[in-house]
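Summary of the model geometry
The residues making up each chain are set out below.
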Amino acid sequence: MPNAEAHKCKFRVARASLLKFLLRLIDLSFNIMSHSKPFSAIQVEETDDKRYVSSLVQKAMSDLPDNDLLINVHYSSLNYKDALSASGNKRVTRNFPHTPGIDAAGVVVEDKSGTFAAGDEVLVFGYDLGMNTPGGLGQYISIPADWAVKRPEALSLKEAMMYGTGGVTAALCVQKLEKMGATPDDGPVAVTGATGGVGSVSIAILKQLGYSVVAFSGKPEQSENLLALGAEQVLHRDTINEVGDLPMGKEIWAHGIDTLGGEYLSNLLKQIKSGGGVAACGLAASGEFSSTVFPFIIRGVSLLGVDSVYIPLHEKQHIWQRVATDMKLPNLASMCEEITLAHVPEYLKRFMQGKVVGRYLVNLADS
Ligand SMILES: NC(=O)c1ccc[n+]([C@@H]2O[C@H](COP(=O)([O-])OP(=O)(O)OC[C@H]3O[C@@H](n4cnc5c(N)ncnc54)[C@H](OP(=O)(O)O)[C@@H]3O)[C@@H](O)[C@H]2O)c1
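Reference entry: report on the structure contained in this document.

Analysis parameters
Residues numbered from 1 in each chain as written. Predicted model: local features only at pLDDT ≥ 70, side-chain atom pairs only at ≥ 80, totals over all residues. Heavy atoms only, no water. Near = heavy atom within 4 Å. Polar contact = N/O pair within 3.5 Å; in protein donor to acceptor, adjacent residues only side chain to side chain. Areas by Shrake-Rupley, 256 points an atom, 1.4 Å probe, with all protein chains shown as cover. Nonpolar A, V, L, I, M, F, W, Y, C, P; charged D, E, K, R; others polar. Domains from an automatic or database assignment. Patch = residues over 30% accessible without salt bridge, like charges linked within 9 Å, V, L, I, M, F, W, Y side chains within 5 Å. Salt bridge = Lys/Arg side-chain N within 4 Å of Asp/Glu carboxyl O. Buried < 20%, exposed > 50% of the residue type's maximum accessible area, 1.4 Å probe, protein only. Core = buried A, V, L, I, M, F, W, Y, C linked by side-chain atoms within 4.5 Å. Helix = DSSP H or I, 4+ residues; strand = E, 2+ residues; numbered from the N terminus.

With respect to the site of the ligand
The environment of the ligand is made up of 25 residues, and the closest members are T195, V198, S217, R237 and S308. In this structure, an oxygen atom belonging to the ligand sits 2.9 Å away from a main-chain N or O atom of L283. Within the backbone of S308, one N or O atom sits 2.8 Å away from an oxygen atom of the ligand. Here the ligand loses 87% of its free accessible area of 920 Å² to cover by the protein chains. Residues belonging to the shell around the ligand are distributed by class as follows: twelve nonpolar, ten polar and three charged. A domain split of the shell around the ligand shows at least three residues from each of domain 1 (37-151 + 339-363) and domain 2 (164-305).

This is the structure in C-alpha coordinates:
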(Lines give C-alpha, C1' and ligand atoms only; values in the text may rest on other atoms or scores of the structure.)
Protein backbone atom coordinates (compact mmCIF):
# COMPACT_ATOMS: atom_id res chain seq x y z
CA MET A 1 0.00 0.00 0.00
CA PRO A 2 1.40 3.40 -0.90
CA ASN A 3 2.35 5.55 2.09
CA ALA A 4 -0.40 8.18 1.66
CA GLU A 5 -3.11 5.49 1.44
CA ALA A 6 -1.78 3.76 4.62
CA HIS A 7 -1.85 7.08 6.47
CA LYS A 8 -5.45 7.74 5.38
CA CYS A 9 -6.50 4.29 6.58
CA LYS A 10 -4.77 4.73 9.99
CA PHE A 11 -6.43 8.13 10.30
CA ARG A 12 -9.88 6.64 9.63
CA VAL A 13 -9.33 3.92 12.27
CA ALA A 14 -8.10 6.50 14.81
CA ARG A 15 -11.10 8.76 14.05
CA ALA A 16 -13.56 5.86 14.49
CA SER A 17 -11.93 4.87 17.81
CA LEU A 18 -12.01 8.47 19.02
CA LEU A 19 -15.70 8.74 18.08
CA LYS A 20 -16.46 5.50 19.94
CA PHE A 21 -14.53 6.77 22.97
CA LEU A 22 -16.41 10.10 22.92
CA LEU A 23 -19.78 8.34 22.64
CA ARG A 24 -18.87 6.11 25.59
CA LEU A 25 -17.83 9.20 27.53
CA ILE A 26 -21.16 10.92 26.77
CA ASP A 27 -23.07 7.77 27.77
CA LEU A 28 -21.04 7.49 30.98
CA SER A 29 -21.49 11.14 31.91
CA PHE A 30 -25.24 10.85 31.12
CA ASN A 31 -25.42 7.85 33.45
CA ILE A 32 -23.43 9.65 36.14
CA MET A 33 -25.63 12.73 35.74
CA SER A 34 -28.89 10.79 35.85
CA HIS A 35 -27.66 8.65 38.75
CA SER A 36 -26.62 11.66 40.82
CA LYS A 37 -29.73 13.68 39.91
CA PRO A 38 -31.91 14.45 42.95
CA PHE A 39 -35.61 13.63 42.60
CA SER A 40 -38.81 14.25 44.55
CA ALA A 41 -40.43 11.56 46.68
CA ILE A 42 -42.75 11.14 49.62
CA GLN A 43 -40.90 9.96 52.70
CA VAL A 44 -42.56 8.50 55.79
CA GLU A 45 -40.51 8.87 58.95
CA GLU A 46 -40.97 7.33 62.36
CA THR A 47 -40.67 9.92 65.15
CA ASP A 48 -39.17 9.22 68.57
CA ASP A 49 -42.67 9.05 70.06
CA LYS A 50 -43.70 6.43 67.43
CA ARG A 51 -45.74 8.70 65.20
CA TYR A 52 -45.41 8.42 61.44
CA VAL A 53 -45.03 11.62 59.46
CA SER A 54 -45.17 11.89 55.65
CA SER A 55 -43.48 14.72 53.78
CA LEU A 56 -42.17 15.63 50.34
CA VAL A 57 -38.36 15.35 50.22
CA GLN A 58 -35.50 15.27 47.70
CA LYS A 59 -33.81 11.89 47.29
CA ALA A 60 -30.69 10.75 45.46
CA MET A 61 -30.50 7.83 43.01
CA SER A 62 -28.07 6.21 45.44
CA ASP A 63 -30.97 5.97 47.94
CA LEU A 64 -32.67 3.44 45.64
CA PRO A 65 -31.98 -0.30 45.90
CA ASP A 66 -29.68 -1.80 43.28
CA ASN A 67 -32.16 -3.65 41.04
CA ASP A 68 -32.13 -4.28 37.28
CA LEU A 69 -34.92 -1.98 36.17
CA LEU A 70 -34.78 1.78 36.71
CA ILE A 71 -38.05 3.59 35.90
CA ASN A 72 -38.86 7.28 35.71
CA VAL A 73 -42.33 7.32 37.27
CA HIS A 74 -44.86 9.59 35.54
CA TYR A 75 -48.00 8.55 37.43
CA SER A 76 -48.94 6.59 40.52
CA SER A 77 -52.19 6.33 42.47
CA LEU A 78 -53.25 6.37 46.10
CA ASN A 79 -54.58 3.21 47.66
CA TYR A 80 -55.68 2.13 51.13
CA LYS A 81 -52.49 0.10 51.51
CA ASP A 82 -50.36 3.24 50.96
CA ALA A 83 -52.19 4.81 53.88
CA LEU A 84 -51.51 1.70 55.98
CA SER A 85 -47.82 1.94 55.10
CA ALA A 86 -47.75 5.68 55.86
CA SER A 87 -49.40 5.12 59.23
CA GLY A 88 -46.68 2.71 60.31
CA ASN A 89 -48.54 -0.59 59.84
CA LYS A 90 -45.67 -3.06 60.23
CA ARG A 91 -47.52 -5.78 58.33
CA VAL A 92 -47.15 -3.55 55.27
CA THR A 93 -43.82 -1.76 55.90
CA ARG A 94 -41.25 -2.92 58.43
CA ASN A 95 -38.58 -0.22 58.20
CA PHE A 96 -38.67 3.56 58.05
CA PRO A 97 -37.87 6.05 56.53
CA HIS A 98 -39.79 4.70 53.58
CA THR A 99 -41.35 5.84 50.30
CA PRO A 100 -44.80 4.24 49.80
CA GLY A 101 -46.65 3.79 46.50
CA ILE A 102 -47.85 0.30 45.55
CA ASP A 103 -48.20 1.12 41.85
CA ALA A 104 -46.42 3.09 39.16
CA ALA A 105 -46.57 3.90 35.46
CA GLY A 106 -43.47 5.29 33.81
CA VAL A 107 -40.65 5.15 31.31
CA VAL A 108 -37.68 2.77 31.45
CA VAL A 109 -34.35 4.57 32.04
CA GLU A 110 -32.26 1.40 31.96
CA ASP A 111 -32.75 -2.33 32.35
CA LYS A 112 -29.69 -4.42 33.19
CA SER A 113 -31.67 -7.63 32.59
CA GLY A 114 -32.25 -6.76 28.93
CA THR A 115 -36.02 -7.36 29.18
CA PHE A 116 -36.91 -3.74 28.37
CA ALA A 117 -35.29 -1.01 26.26
CA ALA A 118 -34.75 2.54 27.46
CA GLY A 119 -37.87 4.53 26.58
CA ASP A 120 -40.33 1.59 26.98
CA GLU A 121 -43.50 2.57 28.84
CA VAL A 122 -44.24 0.14 31.65
CA LEU A 123 -46.76 -0.53 34.43
CA VAL A 124 -46.13 -1.99 37.88
CA PHE A 125 -48.39 -2.94 40.76
CA GLY A 126 -48.01 -5.25 43.71
CA TYR A 127 -45.20 -7.63 44.66
CA ASP A 128 -43.09 -5.68 47.16
CA LEU A 129 -43.41 -2.26 45.50
CA GLY A 130 -44.18 0.39 48.11
CA MET A 131 -44.14 -2.15 50.93
CA ASN A 132 -40.46 -2.64 51.73
CA THR A 133 -39.17 -1.52 48.32
CA PRO A 134 -39.32 2.28 47.74
CA GLY A 135 -42.54 2.82 45.80
CA GLY A 136 -44.28 4.82 43.13
CA LEU A 137 -44.69 7.95 45.26
CA GLY A 138 -41.15 8.82 44.19
CA GLN A 139 -40.12 10.01 40.71
CA TYR A 140 -37.77 7.03 40.26
CA ILE A 141 -38.09 3.38 41.28
CA SER A 142 -35.56 0.57 40.99
CA ILE A 143 -37.18 -2.87 40.83
CA PRO A 144 -36.62 -6.42 39.52
CA ALA A 145 -37.50 -6.47 35.78
CA ASP A 146 -40.07 -9.24 36.29
CA TRP A 147 -42.35 -6.94 38.28
CA ALA A 148 -43.19 -4.79 35.24
CA VAL A 149 -45.23 -5.19 32.06
CA LYS A 150 -45.33 -3.03 28.94
CA ARG A 151 -48.41 -0.87 28.88
CA PRO A 152 -51.12 -2.08 26.50
CA GLU A 153 -51.35 0.08 23.38
CA ALA A 154 -54.90 1.16 24.12
CA LEU A 155 -54.11 2.46 27.62
CA SER A 156 -51.95 5.52 28.31
CA LEU A 157 -49.73 5.70 31.41
CA LYS A 158 -52.17 8.21 32.87
CA GLU A 159 -55.24 6.07 32.19
CA ALA A 160 -53.51 3.03 33.68
CA MET A 161 -52.93 4.81 36.98
CA MET A 162 -56.49 6.16 36.99
CA TYR A 163 -57.33 2.48 37.52
CA GLY A 164 -54.19 1.83 39.57
CA THR A 165 -54.17 -1.03 42.06
CA GLY A 166 -57.72 -0.32 43.23
CA GLY A 167 -59.14 -0.37 39.72
CA VAL A 168 -57.22 -3.42 38.62
CA THR A 169 -58.34 -5.23 41.78
CA ALA A 170 -61.94 -4.34 40.90
CA ALA A 171 -61.34 -5.86 37.46
CA LEU A 172 -59.89 -9.01 39.09
CA CYS A 173 -62.96 -9.29 41.36
CA VAL A 174 -65.33 -9.11 38.39
CA GLN A 175 -63.18 -11.59 36.47
CA LYS A 176 -63.24 -13.99 39.44
CA LEU A 177 -67.05 -13.92 39.47
CA GLU A 178 -67.08 -14.49 35.70
CA LYS A 179 -64.74 -17.49 36.03
CA MET A 180 -67.17 -18.94 38.58
CA GLY A 181 -69.85 -18.66 35.92
CA ALA A 182 -71.60 -15.40 36.88
CA THR A 183 -73.59 -13.68 34.14
CA PRO A 184 -75.67 -10.47 34.09
CA ASP A 185 -78.85 -12.60 33.89
CA ASP A 186 -78.22 -13.97 37.41
CA GLY A 187 -79.53 -10.81 39.10
CA PRO A 188 -78.14 -7.89 41.10
CA VAL A 189 -74.56 -7.80 42.35
CA ALA A 190 -73.91 -6.21 45.76
CA VAL A 191 -70.78 -4.03 46.07
CA THR A 192 -69.55 -2.89 49.50
CA GLY A 193 -67.20 0.02 50.21
CA ALA A 194 -68.91 1.54 47.18
CA THR A 195 -67.32 4.99 47.28
CA GLY A 196 -63.80 3.58 47.68
CA GLY A 197 -61.27 2.92 44.92
CA VAL A 198 -62.09 -0.78 44.47
CA GLY A 199 -65.82 -0.33 45.09
CA SER A 200 -66.38 2.56 42.69
CA VAL A 201 -64.49 0.95 39.79
CA SER A 202 -66.27 -2.39 40.47
CA ILE A 203 -69.62 -0.65 40.06
CA ALA A 204 -68.60 0.98 36.79
CA ILE A 205 -67.08 -2.19 35.29
CA LEU A 206 -70.05 -4.36 36.30
CA LYS A 207 -72.43 -1.83 34.76
CA GLN A 208 -70.36 -1.71 31.56
CA LEU A 209 -70.53 -5.51 31.29
CA GLY A 210 -74.33 -5.46 31.65
CA TYR A 211 -74.79 -6.36 35.33
CA SER A 212 -77.24 -4.61 37.62
CA VAL A 213 -75.46 -3.31 40.71
CA VAL A 214 -76.54 -2.44 44.23
CA ALA A 215 -74.05 -0.19 46.01
CA PHE A 216 -73.59 -0.31 49.79
CA SER A 217 -72.06 2.83 51.24
CA GLY A 218 -71.66 4.63 54.55
CA LYS A 219 -71.86 8.00 52.75
CA PRO A 220 -75.50 8.75 51.87
CA GLU A 221 -74.40 12.13 50.46
CA GLN A 222 -72.59 10.23 47.68
CA SER A 223 -75.72 8.40 46.46
CA GLU A 224 -76.16 10.57 43.36
CA ASN A 225 -72.55 9.93 42.30
CA LEU A 226 -72.89 6.19 42.83
CA LEU A 227 -76.08 6.14 40.72
CA ALA A 228 -74.24 8.12 38.02
CA LEU A 229 -71.43 5.53 38.09
CA GLY A 230 -73.89 2.80 37.26
CA ALA A 231 -75.48 1.57 40.51
CA GLU A 232 -79.21 0.88 40.20
CA GLN A 233 -79.77 1.29 43.91
CA VAL A 234 -77.73 2.68 46.81
CA LEU A 235 -78.29 1.33 50.31
CA HIS A 236 -76.64 2.23 53.60
CA ARG A 237 -73.93 -0.31 54.37
CA ASP A 238 -75.47 -1.01 57.81
CA THR A 239 -78.54 -2.54 56.15
CA ILE A 240 -76.37 -5.57 55.33
CA ASN A 241 -76.14 -6.24 59.06
CA GLU A 242 -79.90 -6.09 59.73
CA VAL A 243 -79.98 -9.89 59.30
CA GLY A 244 -78.42 -9.98 62.79
CA ASP A 245 -77.42 -13.28 64.37
CA LEU A 246 -79.59 -15.45 62.13
CA PRO A 247 -77.46 -18.14 60.46
CA MET A 248 -79.08 -17.34 57.08
CA GLY A 249 -81.07 -14.48 55.64
CA LYS A 250 -83.34 -14.03 52.63
CA GLU A 251 -81.76 -14.78 49.25
CA ILE A 252 -81.42 -11.26 47.82
CA TRP A 253 -78.24 -10.74 45.80
CA ALA A 254 -76.98 -12.94 42.97
CA HIS A 255 -73.34 -12.17 43.76
CA GLY A 256 -71.20 -9.76 45.73
CA ILE A 257 -67.89 -7.90 45.70
CA ASP A 258 -66.75 -7.22 49.25
CA THR A 259 -64.00 -4.77 50.18
CA LEU A 260 -64.83 -4.53 53.91
CA GLY A 261 -64.48 -7.94 55.58
CA GLY A 262 -65.76 -8.20 59.17
CA GLU A 263 -69.48 -8.47 59.86
CA TYR A 264 -70.27 -7.03 56.40
CA LEU A 265 -68.76 -10.07 54.72
CA SER A 266 -70.31 -12.46 57.28
CA ASN A 267 -73.78 -11.03 56.70
CA LEU A 268 -73.47 -10.58 52.94
CA LEU A 269 -72.77 -14.31 52.58
CA LYS A 270 -76.07 -15.05 54.34
CA GLN A 271 -78.01 -13.07 51.69
CA ILE A 272 -76.49 -14.46 48.49
CA LYS A 273 -78.78 -16.50 46.26
CA SER A 274 -78.21 -20.21 45.59
CA GLY A 275 -75.20 -20.79 43.37
CA GLY A 276 -73.91 -17.23 43.79
CA GLY A 277 -70.49 -16.05 44.86
CA VAL A 278 -68.76 -13.29 46.76
CA ALA A 279 -65.38 -12.01 45.59
CA ALA A 280 -63.65 -10.88 48.80
CA CYS A 281 -60.64 -8.64 48.41
CA GLY A 282 -60.53 -6.24 51.35
CA LEU A 283 -60.53 -5.54 55.05
CA ALA A 284 -61.48 -1.84 55.26
CA ALA A 285 -63.78 -2.70 58.21
CA SER A 286 -61.96 -5.70 59.68
CA GLY A 287 -59.49 -8.44 58.85
CA GLU A 288 -61.66 -10.98 60.62
CA PHE A 289 -65.07 -12.42 59.86
CA SER A 290 -67.10 -15.37 61.08
CA SER A 291 -69.50 -17.62 59.28
CA THR A 292 -71.40 -20.82 59.67
CA VAL A 293 -71.02 -23.30 56.85
CA PHE A 294 -74.72 -22.93 55.88
CA PRO A 295 -74.32 -20.49 52.95
CA PHE A 296 -71.78 -22.89 51.46
CA ILE A 297 -73.52 -26.22 52.05
CA ILE A 298 -77.18 -25.22 51.76
CA ARG A 299 -76.99 -22.64 48.96
CA GLY A 300 -73.74 -23.63 47.32
CA VAL A 301 -72.43 -20.09 47.74
CA SER A 302 -68.76 -19.62 46.81
CA LEU A 303 -66.38 -17.39 48.72
CA LEU A 304 -63.79 -16.28 46.16
CA GLY A 305 -60.53 -14.78 47.40
CA VAL A 306 -58.96 -12.07 45.29
CA ASP A 307 -55.27 -11.17 45.48
CA SER A 308 -53.75 -8.57 43.19
CA VAL A 309 -50.32 -8.45 44.80
CA TYR A 310 -48.61 -11.80 44.22
CA ILE A 311 -50.48 -13.16 41.19
CA PRO A 312 -48.12 -14.19 38.37
CA LEU A 313 -46.98 -11.50 35.94
CA HIS A 314 -48.90 -13.04 33.00
CA GLU A 315 -52.15 -12.64 34.98
CA LYS A 316 -51.28 -8.98 35.58
CA GLN A 317 -50.62 -8.59 31.86
CA HIS A 318 -53.98 -10.20 31.09
CA ILE A 319 -55.99 -7.99 33.44
CA TRP A 320 -54.30 -4.83 32.06
CA GLN A 321 -55.35 -6.01 28.60
CA ARG A 322 -58.97 -6.35 29.74
CA VAL A 323 -58.83 -2.96 31.43
CA ALA A 324 -57.63 -1.57 28.09
CA THR A 325 -60.45 -3.25 26.12
CA ASP A 326 -63.80 -4.63 27.36
CA MET A 327 -63.36 -3.19 30.87
CA LYS A 328 -62.21 0.23 29.64
CA LEU A 329 -64.45 2.86 31.22
CA PRO A 330 -65.45 5.95 29.22
CA ASN A 331 -66.26 7.81 32.46
CA LEU A 332 -62.98 6.95 34.21
CA ALA A 333 -61.71 10.53 34.46
CA SER A 334 -64.88 11.60 36.26
CA MET A 335 -64.11 9.07 39.01
CA CYS A 336 -60.59 10.41 39.61
CA GLU A 337 -59.05 13.38 41.28
CA GLU A 338 -55.59 14.31 39.99
CA ILE A 339 -53.10 15.48 42.61
CA THR A 340 -49.34 16.07 42.82
CA LEU A 341 -46.83 14.69 45.33
CA ALA A 342 -47.23 17.80 47.48
CA HIS A 343 -50.89 16.86 48.16
CA VAL A 344 -50.13 13.25 49.08
CA PRO A 345 -49.46 13.58 52.87
CA GLU A 346 -52.85 15.23 53.41
CA TYR A 347 -54.73 12.75 51.19
CA LEU A 348 -53.14 9.71 52.86
CA LYS A 349 -54.72 10.82 56.15
CA ARG A 350 -58.17 10.86 54.51
CA PHE A 351 -57.91 7.14 53.74
CA MET A 352 -57.49 6.29 57.40
CA GLN A 353 -60.46 8.53 58.24
CA GLY A 354 -62.66 6.67 55.68
CA LYS A 355 -63.16 9.97 53.83
CA VAL A 356 -62.03 8.95 50.35
CA VAL A 357 -64.25 9.02 47.29
CA GLY A 358 -63.23 7.31 44.03
CA ARG A 359 -59.68 7.14 42.75
CA TYR A 360 -56.72 9.48 43.32
CA LEU A 361 -54.23 9.85 40.47
CA VAL A 362 -50.80 11.18 41.44
CA ASN A 363 -49.04 13.13 38.69
CA LEU A 364 -45.29 12.85 39.39
CA ALA A 365 -44.16 14.39 36.11
CA ASP A 366 -45.56 17.74 37.26
CA SER A 367 -44.54 17.32 40.93
N1 LIG B 1 -56.69 -8.16 47.73
C2 LIG B 1 -56.00 -7.23 47.10
O3 LIG B 1 -55.09 -7.50 46.33
C4 LIG B 1 -56.38 -5.79 47.33
C5 LIG B 1 -56.06 -4.81 46.39
C6 LIG B 1 -56.53 -3.50 46.60
C7 LIG B 1 -57.24 -3.21 47.75
N8 LIG B 1 -57.46 -4.19 48.67
C9 LIG B 1 -58.19 -3.90 49.90
O10 LIG B 1 -59.53 -3.57 49.54
C11 LIG B 1 -60.03 -2.64 50.50
C12 LIG B 1 -60.57 -1.42 49.77
O13 LIG B 1 -59.49 -0.77 49.13
P14 LIG B 1 -59.71 0.68 48.50
O15 LIG B 1 -58.43 1.06 47.87
O16 LIG B 1 -60.99 0.67 47.73
O17 LIG B 1 -59.92 1.50 49.84
P18 LIG B 1 -60.61 2.92 50.00
O19 LIG B 1 -60.52 3.67 48.71
O20 LIG B 1 -60.09 3.47 51.26
O21 LIG B 1 -62.16 2.57 50.18
C22 LIG B 1 -62.66 1.81 51.24
C23 LIG B 1 -64.15 2.14 51.41
O24 LIG B 1 -64.63 1.29 52.43
C25 LIG B 1 -65.58 1.98 53.26
N26 LIG B 1 -65.02 2.01 54.60
C27 LIG B 1 -63.87 2.60 55.02
N28 LIG B 1 -63.64 2.38 56.33
C29 LIG B 1 -64.68 1.63 56.75
C30 LIG B 1 -65.02 1.06 58.02
N31 LIG B 1 -64.26 1.22 59.10
N32 LIG B 1 -66.16 0.33 58.11
C33 LIG B 1 -66.94 0.16 57.02
N34 LIG B 1 -66.68 0.67 55.81
C35 LIG B 1 -65.55 1.38 55.67
C36 LIG B 1 -65.73 3.36 52.64
O37 LIG B 1 -66.77 3.26 51.66
P38 LIG B 1 -68.28 3.73 51.93
O39 LIG B 1 -68.23 4.94 52.79
O40 LIG B 1 -68.84 3.97 50.58
O41 LIG B 1 -68.96 2.59 52.65
C42 LIG B 1 -64.42 3.56 51.90
O43 LIG B 1 -64.57 4.46 50.84
C44 LIG B 1 -58.90 -2.34 51.46
O45 LIG B 1 -59.02 -3.14 52.59
C46 LIG B 1 -57.66 -2.72 50.67
O47 LIG B 1 -56.60 -3.08 51.50
C48 LIG B 1 -57.05 -5.45 48.47
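Looking at a nonpolar patch on the surface
Side chains of V293, F294, I297 and I298 sit close together on the surface and give an oily, nonpolar patch of about 390 Å² of accessible area. Assessed through its relative accessible area of 48%, V293 is described here as partly exposed.

Let's talk about the nonpolar core
The biggest cluster of nonpolar side chains holds 50 residues, and the ones touching the most others in it are Y163, I203, L206, I257, W320 and L329. When residues of this core are traced back to their parent elements, those giving at least two are β4 (103-111), β5 (121-125), α3 (157-180), β8 (189-191), α4 (197-208), β9 (213-217), α5 (223-229) and α8 (313-324). The greatest single-element share of this core, amounting to twelve residues, is contributed by α3. Mapping this core onto the domain boundaries places at least three of its residues in each of domain 1 (37-151 + 339-363) and domain 2 (164-305).

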